[in-house]
Amino acid sequence: MNDDYLWDKTGEPDPQIQKLEEILGTLRYEPKPLEIPESLPLPQRRNYFPWIAIAASLLLAILAAGIWLSTRSRGETPPQQASVAPLGSPEEKTPPATDRKTPEPKPDFHEGLLVVHKPRRKSSTPALSKQEREEALIAKEQLMLALRVTTEKLSLIHKKTQNTNPANQIKNQHRAG
């Protein structure tokens with residue numbers, strides 16, 4: 001038997017090897033172009049619906065919060081600021097109108113200024129009208145619904161990304177070394 005014939009087809013062929021080549025010749029590789037059958041389903045497009053739903057929920061929540069804040073701020077007056085009076089002014093010398101028995105402590109850090117707190121006057125009328133209050137409650141309900149939907153979607157995505165399928169977990173791991 002000549003080994004050169006097996007490797008590079010040089011030299012004299014062995015009759016048994018020629019017989020095997022003829023028998024197995026029908027199974028020889030023949031290159032042909034790739035043909036994709038028409039009945040094969042096309043790969044599905046990536047599903048972006050969960051991301052769009054999350055974005056829409058967040059947008060709705062921000063919109064509802066903006067509406068609620070704008071309707072809430074319409075009926076309120078800006079808060080009054082505390083007035084600052086220098087020491088020795090008439091405001092310091094007049095006693096407060098309340099019936100407090102403990103005197104107010106004097107500030108140590110600024111010698112020339114005294115801060116006098118004037119509490120905000122509460123109006124007898126509510127800050128929001130009945131219609132504005134109903135709109136605010138509706139906006140609050142919409143915001144809560146959007147937050148619930150967003151929470152559920154994020155929880156679903158978290159579960160999918162954590163790969164909680166027990167079939168994929170590796171069991172009986174042993175320490176190498």
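How each quantity is defined
- Throughout this description, residue numbers start from 1 for each chain and increase along the sequence as written.
- Owing to the predicted nature of the model, reporting of local features is limited to residues with pLDDT of at least 70; listing and counting of side-chain atom pairs is limited to 80 or more, with chain, interface and lining totals taken over all residues.
- Based on all heavy atoms of the structure, the side-chain values leave hydrogens and waters out of the count.
- Secondary structure elements are taken from DSSP: a helix is a run of H or I of four residues or more, a strand is a run of E of two residues or more, and numbering for both begins at the N terminus.
- Expected helix span is computed as 1.5 Å times (number of residues minus one).
- Only protein chains enter the accessibility calculation, which uses a 1.4 Å probe; a residue is then buried when its area is under 20% of its type maximum, exposed when over 50%, and partly exposed in between.
- Contact criterion: two residues are considered in contact whenever any of their non-hydrogen atoms come within 4.5 Å of each other.
- Residues forming no salt bridge and having over 30% relative accessible area are the ones grouped into patches, like charges within 9 Å of each other and nonpolar side chains (Val, Leu, Ile, Met, Phe, Trp, Tyr) within 5 Å.
- Values of accessible area rely on a 1.4 Å probe in the Shrake-Rupley scheme; residue burial ignores everything except the protein chains shown.
- Salt-bridge detection follows one rule: a side-chain nitrogen of Lys or Arg within 4 Å of a carboxyl oxygen of Asp or Glu.
- All axes are obtained by fitting lines to C-alpha atoms, using only the stretch in contact for helices, and the reported angles, taken between N-to-C directions, cover 0 to 180 degrees.
- Angle categories are assigned with fixed cut-offs, so that under 35 degrees is roughly parallel, over 145 is roughly antiparallel, 65 to 115 is roughly perpendicular, and the rest are oblique.
- Working rule for handedness: look at the near helix, and if it is turned counterclockwise from the far one by less than a right angle, call the crossing left-handed; if clockwise, right-handed.
- Classification convention: Asp, Glu, Lys, Arg as charged; Ala, Val, Leu, Ile, Met, Phe, Trp, Tyr, Cys, Pro as nonpolar; all other residues, Gly among them, as polar.
- Confidence of the predictor at the level of single residues is given by pLDDT, which spans 0 to 100.

Let's talk about helix H3 (residues 49-74)
Right, so step 1: Between the first and last C-alpha of H3 there are 37 Å, a value that for 26 residues agrees with the 38 Å anticipated at 1.5 Å per step.
Right, so step 2: Buried within H3 we find Ala-53, Ile-54, Ser-57, Ala-61, Ala-64 and Thr-71.
Right, so step 3: The inward-facing, buried residues of H3 abut helix H5 (130-161).

Some thoughts on a nonpolar patch on the surface
Right, so step 1: Together, Leu-20, Ile-23, Leu-24 and Leu-27 make up a nonpolar patch on the protein surface, roughly 450 Å² of accessible area in all.
Right, so step 2: In this structure, Ile-23 sits in helix H2 (residues 15-24).
Right, so step 3: Overall, the relative accessible area of 54% leaves Ile-23 in the exposed class.

Details of H5
Right, so step 1: Here H5 contains 32 residues, and its C-alpha end-to-end distance of 46 Å stays within 8% of the 46 Å for a straight helix at 1.5 Å per residue.
Right, so step 2: Residues of H5 that are buried include every one of Glu-132, Ala-136, Ala-139, Ala-146, Thr-150 and Ile-157, and no others.
Right, so step 3: Residues of H5 that are buried make contact with H3.

Here we look at the packing of H3 against H5
Right, so step 1: Packing of H3 against H5 leaves a shortest axis separation of 8 Å and a crossing angle of 155 degrees. Taken together, the axes of H3 and H5 lie roughly antiparallel to each other. Between H3 and H5 lies a crossing of left-handed hand. Residues Phe-49, Pro-50, Ala-53, Ile-54, Ser-57, Leu-58, Leu-60, Ala-61, Ala-64, Trp-68, Thr-71 and Arg-74 of H3 form the contact with H5, whose own contacting residues are Glu-132, Glu-135, Ala-136, Ala-139, Leu-143, Ala-146, Val-149, Thr-150, Lys-153, Leu-154 and Ile-157.
Right, so step 2: Split by residue class, the contact of H3 with H5 holds 16 nonpolar, 3 polar and 4 charged.

Observations regarding the confidence of the model for the protein chain
Right, so step 1: Taken over all residues, the pLDDT of the protein chain has a mean of 75, while the share at 70 or more is 63%.
Right, so step 2: The least confident element of the protein chain is helix H4 (residues 90-93), whose mean pLDDT is 50; the most confident is H3, at 92.

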